[in-house]
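Architecture at a glance
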Amino acid sequence: MPEMIFFASNQYDVVVCGAGPAGLMAAYTLGRKTSGARRILLLDKKEPWKEPIFCAEAVSTGRLSTLWPIDRSWVRQDLSGIYFTSRNRSRAEFYSKNCGLLLDRAKFHKAIADGCCTAGVECHFDTVVKKLERENDGWIITVSVNGTEETLRTPVVVDATGPGARLTKNIACLEGIESGDTDLEPAIFAVAEGIEHSPEHIELFFGSDFPSGYGWIFPRDGKEVNIGFVLGKDVKQDISNRQKLLNFLAEEYPQAKVKAIYGGMIACGQSDKPMAMHGLFKAGDAASCVNPISRSGITESLLCGKIVAETVVEWLDDSGANRSAIEAKAHTRWMKEMGDSHMQIARGKVAFNQITDEQLNKAAARLSKLPREKQTIFRIFLNVLWASPSLVWKLRSFLHW
């Protein structure tokens, strides 16, 4: 056997591919649950704290605290509400003090990665996964480190490679498992200064400017904001998303100073397909475990990674006779925790996308006349229903972030 150059072994019990929230949480949970008795390997092509994070970085304080201890060193800002802004710029406010957090995702990822190392996980953040192949009852993984290829073997792979799950979607033996390739939507955002905003609020823009999607302003540090939008996957345009974003900035915020623009495809839906098969488990965006309307996915990915890891531990401890049933548990547990709610939201998405600017303007204007303390969930629902019953799906999805 040739000498291994980069890895402690060429045989692992679990290889986790992808060091986003799902992969990091899966690897950490595996390390902690197995207490060093299993070889756990975490791979990513780059250190997950040295690149810009393509995300608006907002999470629910309550949800995050149940998954990972909150450390103020990686919190950018506390959030106390959301502005819902319609096409004519009428604005309604949902206020709830310290209901959410804006994360410094790079520092947050570093904290979980450090936790993985402490839990005994072997981490390589300079490794490109080139190919995944089925072999007998396990998997062969071809990886590249600094241009040198290595071959690894494992009975279990966790695919946490993000939207589209390119690593595993074309493997023939996985027919019927979630592919992730049909639930992708285009998103783009700029990091910009000179935009007036509330550092304690997210602002969300709805209407025909952003068909089948929405625009946003997320504060970052009191000066910079993340401003951008996501559109429906079937929306056709005459201009690029980049130009559309620049036009929006020029019209609404002519004093804005753009520092950087990022874009790509993001996951946008909840799948009802299996998440695991033949020792291959999918987690987070790779499994389309995303709120279909808000497209939120940070705490979803953390929870999914945890569920997948706990299921993998049970899978490894089984003799082999019950492994298919154990694999099915990953999807069943996820659906019970969040997936069923996501599926309900998905069923209302079509109706939501048909709401007119007039209906949105009417609801927002009516709500904006109420004092902040009276803009309770109950009052918001009443006013939304007054304008259009289908609007309730929009608020329901965002208020379950």
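Structure report, in brief.

Parameters and conventions
Residues numbered from 1 in each chain as written. Predicted model: local features only at pLDDT ≥ 70, side-chain atom pairs only at ≥ 80, totals over all residues. Heavy atoms only, no water. Helix = DSSP H or I, 4+ residues; strand = E, 2+ residues; numbered from the N terminus. Buried < 20%, exposed > 50% of the residue type's maximum accessible area, 1.4 Å probe, protein only. Contact = heavy atoms within 4.5 Å. Polar contact = N/O pair within 3.5 Å; in protein donor to acceptor, adjacent residues only side chain to side chain. Core = buried A, V, L, I, M, F, W, Y, C linked by side-chain atoms within 4.5 Å. Pairing = 2+ DSSP bridges. Axes fitted to C-alpha atoms, helices over the stretch in contact; angles between N-to-C directions.

A word on the environment of Ser-90. By the element assignment, Ser-90 lies in the loop between β4 (75–85) and β5 (91–103). In this structure Ser-90 comes out as buried when scored by relative accessible area, which is 15%. Residues Ser-90 and Ala-365 lie 275 residues apart in sequence; the distance between their C-alpha atoms is 5.3 Å. If sequence neighbours within four positions are ignored, Ser-90 has contacts with Phe-84, Thr-85, Asn-361, Ala-364 and Ala-365. Among the polar contacts listed, one links the side chain of Ser-90 to the side chain of Asn-88, at a separation of 2.9 Å.

The next point concerns the nonpolar core. Counting residues in hydrophobic clusters, the biggest one holds 52 residues, and the most contacted among them are Val-14, Leu-42, Leu-64, Val-158, Phe-281, Val-312 and Trp-334. Taken together, the elements giving at least two residues each to this core come down to β1 (14–17), α1 (21–34), β2 (40–43), β5, α3 (105–118), β10 (156–159), α5 (298–317) and α6 (323–353). Looking at this core, the element that brings in the most residues is α5, giving eleven residues. Formed by 22 residues, the second largest nonpolar core is a distinct cluster that contains Phe-84, Leu-204, Ile-345 and Ile-355.

Quick look at the sheet that holds β4 now. In a beta sheet, neighbouring strands pair by backbone hydrogen bonds and run either parallel or antiparallel. With mixed pairing, the eight strands of this open sheet are ordered in space as β3-β5-β4-β12-β13-β14-β11-β15. Both outer strands of the open sheet, β3 (58–60) and β15 (257–267), are each paired with one neighbouring strand and no more. When strand polarity is set aside, the average angle formed by the axes of neighbouring strands in this sheet is 30 degrees. Sheet topology note: the β3/β5 ladder contains three bridges and is antiparallel. Note that in β5 the partner of Ala-58 across the bridge is Leu-102.

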